[in-house]
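These are the residues of each chain, in order.
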Amino acid sequence: MKANQNTIKLLTFSMLLPLLCACGESWLDPKPLSFYEPGVALSNTAGLYSALSTCERNMRHEYFGDGAPILTEMIQSEVAVEGTTDKAGPQMNMDISLLPDASLNDANTTKVGWYWYEGYKGIKYANVVISRINDATFKDEAEKNAVLGAAYFQRAYRYFKLTHQFGDIPYMDWEISEPKYDFYSYDRWSILERMRKDMEFAYQWVPDKVDRGRTSKGACGILLMKLCMVLGDFDRAIEVGKEVVAAHPLMTKRFTANQSKARTNLMHDLHSVEAKLDMSNTEGLMYVVSYPEVDGSDRIQTMRNGVPFWNNGNIKTPDGQTGTSITIASGETDPEMDLNKTYGRGIGRLRPTWYFTNEIWRADKEANDLRGIFNRDSWRKMEDLLYNNPSLKSSGNQWYGKNFVKSPSMSVEDTIRLWFSWPHYKLFVPDPLQTQWAGGETPWYIYRSAEVYLLIAECYYWKDQPQLAAEALNVVRNRAGASPLTAADINIGEILDERARELYYEENRHLELVRISYIYARTGKPCEIFGGRVYKLDNLSGPGGTNSNVKQEGYNFWYDRVNARSNFYNKGVIHKWAEYKISVHHILWPIPASAINTNTKGIINQNIGYPGAEKNVTPLKVPEEGTVLGPQ
């Protein structure tokens, strides 16, 4: 199986990686002509693709595991908040959690720091391939350009994230083989201009048919679209988008073995493990890979992260008995009673907001939407679950097998963590090798054709062509069974609502809000959902200064959007450990203090609103041609 071969290549290269990352220690030098010596291992196409497999593995880590980094991207938006209410430290009060010297890379706090450090690791790995491309042997120029294009994608993928999460950042474009302490911040716009140029090359040369998990032409196309959009070239983005969806149509009919299962639909098919393994799936443009029962794979743990903590002991029957258990009663045959294997054993780290669980699902427009709360096969609410504690059955308690009933005395903490609805079709991943089903091994979508249609619609919005925007949105909505939109419905809120309906737990939601914030500020287009408000680049992060925790609308779209839609931040929800707070400057995350403090011979700027920003200098600009760190 090609997918498995790619996994093996990834594992092989992980043994080589320490050699590539060496900083001159002689004891690490390989023996002459060793297979693991970079000059040998990276001398042909197979070796270079193996090196890029390390980038692909790095991408996977964003979505997999307990407290996965993708949760931070969602929590820093309007679709979800931190749900861990049994301790201090998790990202609820951002004025405390998002400080440069805070714990920025921990499953129990935030993964902001993960994006910084792992982003630069991905760039470093890609630069190894880019720097050595002319030293390798290829069968022809097309093969060489395909490898180079894939490396460009991996580098641009990180820079696109980093410039929207952290703003002006250090720029590395060549392999670094010795310690370096003189980095400087570079202007984000010049980085993005260079990445666009690289992605035009990649989109031309990277093939479309590749092993699952490898960079495809379609993936290059969607990243190129986003780069064009943030730089204001909406026509080019539309052109690329139309080419991508022509080659990768949506899956509109049921196509997996799940169609024979009760309480499933097309959305279950599309987001099942089987669909992500199916090479006939035309919709997937980019995946990260983890294969069931393949050595080296990982568990995604979507259920642990995103399903309510129904088994913490505080789900009580109306007569006060403990209602739930991982273990089912002896002789029980109803699968609905096995909450663990039917829904997954969640701990509620990711708590969706009212906006996501209710507001975007309108009775007149999404009543028949397969993705939404009105479809009881796709979504689950707590009242759907059944009291299953074996002690209830053995004692003859009347509530055994009955639906949950919310206690009127439930605490704020328990309401946040234990009682919310969720998109079961998206988060359920079988976990048969575990006693507690947290979410097993599966590929996961990074990009799909559905998002391309949503980006095309957004481009038409920026171009003031609402009818064409509605038509693009309706392609996705029609597939889901939602009612079509008209030109009169189109605004940025409608576009973002559709992204939330389609891309929950897939898109970098914070990043996309920041991308739109930059486009508003750069174009000066009035924002109709906020009364025609106009944003500016020169104060996007607020006024800064010592009292920088500004909570005033009008500085950036990200803050206005999150504050308007999140029922936690705008209502000042408080529990015994924290209050939910955000500020204007949190549009961009803090550069970790350790990165700045160890850069003793250069200057890495801190973002406005955080301690240390007073030391900033004018960022450098990436040259239009040539390299910064490589050959001049």
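As the structure is a prediction and not an experimental result, all values here were calculated from the model. (Residues numbered from 1 in each chain as written. Predicted model: local features only at pLDDT ≥ 70, side-chain atom pairs only at ≥ 80, totals over all residues. Heavy atoms only, no water.)

## A word on the overall build of the protein
Helix and strand counts for the protein come out as 24 helices and eight strands. Against the globule reference of 26 Å for 632 residues, the protein gives a C-alpha radius of gyration of 25 Å, in line with a compact fold. Projected onto its principal axes, the C-alpha positions of the protein cover 80 × 55 × 50 Å. The burial tally for the protein puts 61% of its 632 residues in the buried class. The contacts of the protein with a sequence gap of at least 6 include a subset with a gap of at least 24, amounting to 73%. Roughly 23,600 Å² of accessible area belongs to the protein as shown, and the carbon and sulfur atoms make up 51% of that amount. Charge separation in the protein, taken as the distance between the mean sites of 71 positive and 76 negative side-chain charges, equals 2 Å. (Helix = DSSP H or I, 4+ residues; strand = E, 2+ residues; numbered from the N terminus. Rg over C-alpha atoms; globule rule 2.2 N^0.38 Å. Buried < 20%, exposed > 50% of the residue type's maximum accessible area, 1.4 Å probe, protein only. Contact = heavy atoms within 4.5 Å. Areas by Shrake-Rupley, 256 points an atom, 1.4 Å probe, with all protein chains shown as cover. Lys, Arg positive; Asp, Glu negative; His and termini not counted. Charge placed at Lys NZ, Arg CZ, Asp CG, Glu CD.)

## Overview of the pairing of strand S4 (residues 284-288)
For a regular strand, side chains alternate in direction, first toward one face of the sheet and then toward the other. Of all five residues that make up S4, five are buried, and the element is covered over most of its length. Sheet topology note: the S4/strand S8 (residues 444-448) ladder contains four bridges and is antiparallel. By the bridge assignment for S8, Met286 is matched with Tyr447. (Pairing = 2+ DSSP bridges.)

## Points about the state of the cysteines
In the structure shown here, the tally under the stated rule is zero disulfides. Cys228 takes part in no disulfide bond, and the closest cysteine sulfur, belonging to Cys459, lies 8.5 Å away. (Disulfide = S-S within 2.5 Å.)

## Looking at unusual backbone geometry
The phi angle at Arg263 is positive, at roughly 55°, despite the residue not being glycine. Tracing the chain through its elements places Arg263 in the loop between helix H10 (234-247) and helix H11 (266-270). Backbone geometry at Tyr505 places phi at a positive 65°, although glycine is not the residue there. Structurally, Tyr505 is set in the loop between helix H21 (492-503) and helix H22 (509-523).

## As for the environment of Leu270
Within the secondary structure layout, Leu270 lies in helix H11. When near neighbours in sequence (up to four residues on either side) are disregarded, Leu270 contacts Met251, Phe255, Ala275, Glu283, Tyr445, Arg448 and Arg479.

## Remarks on the pattern of salt bridges
Tallied over the entire structure, the rule returns 51 salt bridges. The salt bridge involving Lys525 is made with Asp464; its shortest N-O contact spans 2.5 Å. Separated by 61 residues along the polypeptide, Lys525 in the loop between H22 and helix H23 (557-565) and Asp464 in the loop between helix H19 (449-462) and helix H20 (466-480) bring together distant segments of the chain. You can call Asp464 exposed: its relative accessible area is 55%. Salt-bridge contacts for Glu502 lead to Arg479; the nearest nitrogen and oxygen are separated by 3.4 Å. (Salt bridge = Lys/Arg side-chain N within 4 Å of Asp/Glu carboxyl O.)

## Considerations on the packing of H21 against H22
Here H21 crosses H22 at 160°, and the two axes come no closer than 12 Å. With respect to H22, the element H21 is oriented roughly antiparallel. Between H21 and H22 lies a crossing of right-handed hand. On the side of H21, the interface is formed by Ile492, Leu496, Arg499 and Ala500, while H22 contributes Arg509, Glu512, Leu513, Arg515, Ile516 and Tyr520. Of the residues in the contact of H21 with H22, the class split is six nonpolar, no polar and four charged. (Axes fitted to C-alpha atoms, helices over the stretch in contact; angles between N-to-C directions. Parallel < 35°, antiparallel > 145°, perpendicular 65-115°, else oblique. Left-handed = near helix turned anticlockwise from the far one by under 90°. Nonpolar A, V, L, I, M, F, W, Y, C, P; charged D, E, K, R; others polar.)

## So, the nonpolar core
Residues Tyr447 and Phe557 are the most contacted members of the largest nonpolar core, which totals 160 residues. The biggest single contributor to this core is H19, with 11 residues. Leaving out residues up to four positions away in the same chain, Phe557 has contacts with Ile492, Leu496, Leu513, Ile516, Ser517, Tyr520, Cys527, Ile529, Phe530 and Tyr535. Core analysis: the second largest hydrophobic core is formed by 20 residues, Tyr49, Val129, Ala150 and Tyr152 among them. (Core = buried A, V, L, I, M, F, W, Y, C linked by side-chain atoms within 4.5 Å.)

## Points about empty space enclosed by the protein
Inspection of every chain in the model, using the stated rule, returns five cavities of 30 Å³ or more. Roughly 140 Å³ of volume is contained in the largest cavity. In terms of lining residues, the largest cavity is bounded by 14 residues, among which Tyr157, Lys161, Lys226, Tyr447 and Asn508 are the most central. Of all the secondary-structure elements, those providing two or more residues to the lining of the largest cavity are helix H7 (141-165), helix H9 (217-230), S8 and H22. In terms of residues, the lining of the largest cavity owes the most to one element, H7, which gives three residues. Split by residue class, the lining of the largest cavity holds seven nonpolar, one polar and six charged. (1 Å grid on protein atoms, 1.4 Å probe; cavity = no way out; pocket = protein on both sides within 12 Å on 5 of 7 lines; lining within 4 Å. Points joined across faces, edges and corners; volume = space filled by probe spheres on them.)

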